[in-house]
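# Topology and contacts: notes
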Amino acid sequence: MVKNLVIVESPAKAKTIEKFLGQDFTVKSCFGHIRDLVKGDDAIDVRNGFLPRYEVTPDKREVVSNLTKLAKEAETVWLASDEDREGEAISWHLFEALNLRKDKTKRIVFHEITKPAILKAVQNPRSIDEDLVNAQQARRVLDRLVGFELSPVLWKKVRPSLSAGRVQSVAVRLIVEREREVMNFAATSSYRLSAEFEPPAGGRTFKAELPKRFENAADAEKLLNACKGAAFTVKNLETKPAKKSPAAPFTTSTLQQEASRKLGYSITQTMLLAQRLYEAGHITYMRTDSVNLSDLAIDAAKEAISNAFGAEYSNPQKYVTKNDSAQEAHEAIRPTDFTRRVIAPSGDVDASAVRLYELIWKRAVASQMADAQLERTIATIGISTVPETLTATGEVIKFDGFLKLYLESTDDESDGDDEGILPPLKQGETVRLKQMTATERFTKPSPRYTEASLVKKLEELGIGRPSTYAPTISTVQKRGYVVKEEREGKKRDVTIFTLKDNAVTKRTENENYGAEKNKLFPSDVGMLVTDFLVKHFDQILDYNFTATVEKEFDEIARGEKVWNKMIENFYIPFHEVVEKTVQSADRQSGERLLGQDPETGRNVYARLARYGPVAQIGDAEDEDKKYANLRPGQSLETISLEEALRLFTERTDRLLGIDPASGKNVYVRMARYGPVAQIGEPDDADKKYASLRAGQSVQTITLEEAMTLFRLPRVVGKFEDKDMKVALGRFGPYILHDDNFYSLTKNDDPYTISADRAVEIILIKRKADSDKIIKEFTLETGAVLRVLKDRWGHCLAVGKQKVKLPKGTAAEELTLQECLALAGDIALEPEKPKKKAASKAKASSTETKPKKATTKKAAAPKATAKKTSTGKNA
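Reference entry: report on the structure contained in this document. What you see is a predicted model; the values in this text were computed from it and never measured.

Further remarks concern the overall build of the chain. Of regular secondary structure, the chain possesses 21 helices and 35 strands. Its C-alpha atoms give the chain principal-axis dimensions of roughly 110 × 85 × 60 Å. Long-range contacts, defined as pairs at least 24 residues apart, comprise 67% of the intrachain contacts of the chain with a sequence gap of at least 6. Working note: accessible area of the chain is about 45400 Å², and carbon and sulfur atoms make up 49% of it. The chain carries 138 positive and 129 negative side-chain charges, and their two centres are separated by 4 Å.

We now examine the side chain of threonine 16. Relative to the helices and strands, threonine 16 resides in helix α1 (residues 11-20). Judged by relative accessible area, threonine 16 falls into the buried class, the value being 8%. A polar atom in the side chain of threonine 16 sits 2.5 Å from the backbone oxygen of glutamate 279.

A separate point is the packing of helix α8 (residues 252-263) against helix α11 (residues 351-366). Between α8 and α11, the least distance of the axes is 11 Å, while the angle of their chain directions is 120°. Here α8 and α11 pass one another in a crossing that is right-handed. From α8, Thr254, Leu255, Glu258, Ala259, Lys262 and Leu263 reach across to α11, where they touch Arg355, Leu356, Leu359, Ile360 and Arg363.

Another point: the packing of aromatic side chains. Across all of its chains, the model carries 13 aromatic pairs by this definition. Taking 4.8 Å as the distance between ring centres and 40° as the angle between the ring planes, the aromatic pair formed by tyrosine 313 and phenylalanine 399 counts as tilted. A residue pair is termed long-range when its members are at least 10 positions apart, and tyrosine 313 in the loop between α10 (295-309) and α11 and phenylalanine 399 in strand β13 (residues 389-399) qualify at 86 residues. Using a relative accessible area of 9% as the deciding quantity, one classes tyrosine 313 as buried.

In this section: the sheet that holds strand β23 (residues 654-658). Across the sheet, four strands lie side by side as β23-β24-β25-β26; this open sheet has antiparallel pairing. Sheet topology places β23 and β26 (688-691) at the edges, where each strand pairs with a single neighbour. Pairwise comparison of adjacent strand axes, ignoring direction, gives a mean angle of 30° for this sheet. Bridge count for strand β24 (residues 665-671) against strand β25 (residues 674-679) is six bridges, and the pairing is antiparallel. Its bridge partner lying in β25, valine 666 is registered against isoleucine 679.

To continue, consider the sheet that holds strand β2 (residues 25-29). One open sheet accounts for four strands, arranged β2-β1-β7-β8; its pairing is parallel. Among the strands making up the open sheet, the edge pair consists of β2 and β8 (105-107). Neighbouring strand axes in the sheet, compared pairwise and without regard to direction, differ in orientation by 25° on average. Sheet topology places strand β1 (residues 4-8) next to β2; five bridges connect them, and they run parallel. Pairing of isoleucine 7 across the sheet is with lysine 28, part of β2. In the packing of helix α3 (residues 85-97) onto the sheet, the strands contacted are β1, β7 (76-79) and β8, and the crossing angle to β8 comes to about 175°.

Relative to the assigned elements, aspartate 371 resides in the loop between α11 and β12 (372-383). A residue is classified by how much of its surface remains accessible, and aspartate 371, at 15% relative accessible area, is buried. Here the side chain of aspartate 371 touches lysine 243 through a polar contact of 3.4 Å, side chain to side chain. At 3.2 Å, the side chain of aspartate 371 and the side chain of serine 245 are in polar contact. Filtering out sequence-adjacent residues up to four positions away, aspartate 371 remains in contact with Lys243, Lys244, Ser245, Pro246, Phe399, Gly401 and Phe402.

Moving on: the packing of helix α9 (residues 267-279) against α11. Two elements in contact, α9 and α11, have axes whose closest approach is 9 Å; the angle formed by their N-to-C orientations is 85°. With respect to α11, the element α9 is oriented roughly perpendicular. Contacts from Gln269, Thr270, Leu273, Ala274 and Leu277 of α9 reach α11 at Ser352, Ala353, Leu356, Tyr357 and Ile360. A per-class count over the contact of α9 with α11 returns seven nonpolar, three polar and no charged.

Turning next to the pattern of salt bridges. Per the counting criterion, the structure on display carries 51 salt bridges. Between lysine 262 and glutamate 258 there is a salt bridge; the shortest N-O distance is 2.9 Å. One end of the pair, lysine 262, and the other, glutamate 258, are both in helix α8, four residues apart, so they sit about a helical turn from each other. By relative accessible area, glutamate 258 is classed as buried at 0%. Here the salt bridges do not stand alone but share partners, grouping Glu9, Lys13, Asp82, Asp84 and Arg287 into one network.

Here is what the cut-offs are and how they apply
Sequence order as written defines the numbering, with residues in each chain counted from 1. Only residues with pLDDT of at least 70 are given local features in this predicted model, and only at 80 or more are side-chain atom pairs given and counted; all residues enter the totals for whole chains, interfaces and linings. Only hydrogens and water are removed before side-chain values are computed, so all heavy atoms of the structure are retained for them. Where helices and strands are cited, they refer to DSSP runs of H or I of at least four residues and of E of at least two residues respectively, numbered from the N terminus. Only heavy atoms enter the contact rule, under which two residues are in contact if any of them lie within 4.5 Å. Where accessible areas are quoted, they stem from the Shrake-Rupley method and a 1.4 Å probe; at the residue level, only the protein chains shown are allowed to cover. In this count, Lys and Arg are taken as positive residues and Asp and Glu as negative ones, while His and the chain termini are left out. All charge positions are set by atom: Lys at NZ, Arg at CZ, Asp at CG, Glu at CD. Residue exposure (1.4 Å probe, protein chains only): buried if accessible area is under 20% of the type maximum, exposed if over 50%, otherwise partly exposed. Polar contact is the term for a pair of N or O atoms within 3.5 Å; when the atoms are in protein, one must be able to donate a hydrogen and the other to accept it, and sequence-neighboring residues count only if both atoms are side-chain atoms. To get an axis, a line is fitted to the C-alpha atoms, and for a helix only the part in contact is used. The angle between two axes follows their N-to-C directions and goes from 0 to 180 degrees. In this scheme the crossing of two helices becomes right-handed for a clockwise turn of the near helix relative to the far one and left-handed for an anticlockwise turn of less than a right angle. Between 30 and 60 degrees the pair is tilted, below 30 it is stacked and above 60 it is edge-to-face, where a pair is any two Phe, Tyr or Trp rings, Trp via its six-membered ring, whose centres lie within 6.5 Å. Strands are treated as partners if at least two bridges between them are detected by DSSP. In what follows, roughly perpendicular refers to angles from 65 to 115 degrees, roughly parallel to angles under 35, roughly antiparallel to angles over 145, and oblique to any angle outside these ranges. Nonpolar residues are Ala, Val, Leu, Ile, Met, Phe, Trp, Tyr, Cys and Pro. Charged residues are Asp, Glu, Lys and Arg, and all others, Gly as well, are polar. Whenever Lys or Arg places a side-chain nitrogen within 4 Å of a carboxyl oxygen from Asp or Glu, that contact is recorded as a salt bridge.

Right, here's the structure in full:
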């Protein structure tokens, strides 16, 4: 019998905690959330206080069943999920789903998984915090309402299969607006003048710069000519002390940003590794927006710093969280043991996690170290022939302080020179000019977002919380609204004037600009959806409104606001806007006659086609009728005849040029499943299409890039006397061989892949499929019952139906009768042959005509056992 049952979210966390508790405690994992809102429209009762309906998710039914049995046996159940809102909600759902009693249930929280912290938590249990649960529930309900109401509007008004989310759509809007800012940016050039000097005593040279810039080449060249034969003297010399202070210890967002800059980790990767470090007991809880350190941690850091660097490097200090809503935890992210600078890889803690731990350790320790003491020198260099002066700056580190260990990175992409160290100079002395240059420099637009800088922006705007940053950025990429990628730069000429040896020369150099690495770009669909949502649901995508909603969640968590009243205040006006937009779409489902086309005399209609609103020239029965998609912002109810006709003359498609082979126009446009290139006019019977590749946009693609898209599909060779055809599909490039599809990897280029590589991909896939099959039984019904090993473990399968095998089952030793007993509700029906896979049907020469499907399994059907890849007979 279990005396004390402790339930946590993950097996790794359970394994670590079990080490610290005695034999009277049994620690089990619930594997995260066990319940969620039911699927469908009835998940939330909007007429009765927005009450949600939950259900145990299918993948957690066995987990809940096992935990329920253990809970009934236990004297006390300890709910030990994380201390944030998500963790509190998990504990509440466990309490409800397991039918726990209050008098035998205790809630414990801790922000680090160490023995002292766990034992202290056990000594100080509490009840479930209903306010934290309500705050999480409010977020879940509101997001479901927004998603379920907005998505169908997008299906009707924009395109099918689209979706919208409260926070995700705002994040996409930020990226779309930044992209348009970059696209519309017109770079201007100016000339920056700098000079290299040698001090009177010789030795190390130093640089000085003119504070202002010249707007044109003529003025820059004029000043250089005026400096011919000039004397350069140290007109003024100013030295003053300065200091640099360490950054605060990590919060969730600053950890995500710094891991991206210093280690190149994605936001999702950082959180996954941090989770593993926390569950292994190496760091404190990783979802927090507090920069505070406990007194115990400060004392431990002080001792570690004094021992490693000396007492003069220690400067204990408390940091104050500027964010009023800092609610996810009580401490910043820090190591649980400051004496442990390096950890060894073990279990789930791999080399990448070790690097992240070192970053966390350095940041936390550096935050408790002394300021770096600097001496900053500013030298003003006078020019005898002109009134302008040059400025040289430099600094010397007098005491390195925290810089001995760590310096925070930034997202600044400026190309300014770092301050160096100036040689010894005296006021009034003459310095010798080695050369002076006036270099053309171009202005830059605001940089595109990286994952790190997007997190920083969301935090600045008050949108989202520590637990939402990573899922938000991951979701918008998975939905195809945003892509993260590298893009090559372009080249441009730069003019440089140089004054050397009293002669001015001019030269032109080539520089690269606009190259991007791991930046976030909106897709064409992302831009289209954003435009629609901003037009019709501007409040939902308003940055201040979204931040206000987050503050209201915080108020619910503090018990200052009733959660369903907050939802009601939001939902009623929101739903009215949705209904008006939907009604508008419904009214537009019929045709609206606008008038006649002056050129042809045919009727012109505005109507809602299957995949969006269109203008149409010609009646429905006309075989040669023409269509044109309405532009964003145009409505079927209000569009005029003139505006509709303009769609056919001022095409919304973008004309790239002419196909050299056919002489036809080449366009790019948005089609049913995304952006495409098109050779020929819309009414051409033999027009061709090709989907744009990842990273290509209808707004920037060139004619040459578009023409390469039409090289597919192509036959790369033969294998087993069958063609291997490479093509592009909805889900990426693939090889079609013998009516079977084989996906290319991300490293394979469909335009250059060789026949040998295609064969290799086919054989690898065949072997992988073969390795999955452990046993196979062919039943009298014609059904094939297989014992498989897939990515989730062992299972039984008939066609696409699967049943997971219980843990501990020896899959290789299962008999037919045992398989049938475990098959559950699987229908023992024969697989339906593929429509186009005639060759595959012929391959089974012993196949008999399938009998009527049999679903009963009381009387075991006879079967023949096939030898599997393991070499065993079933």
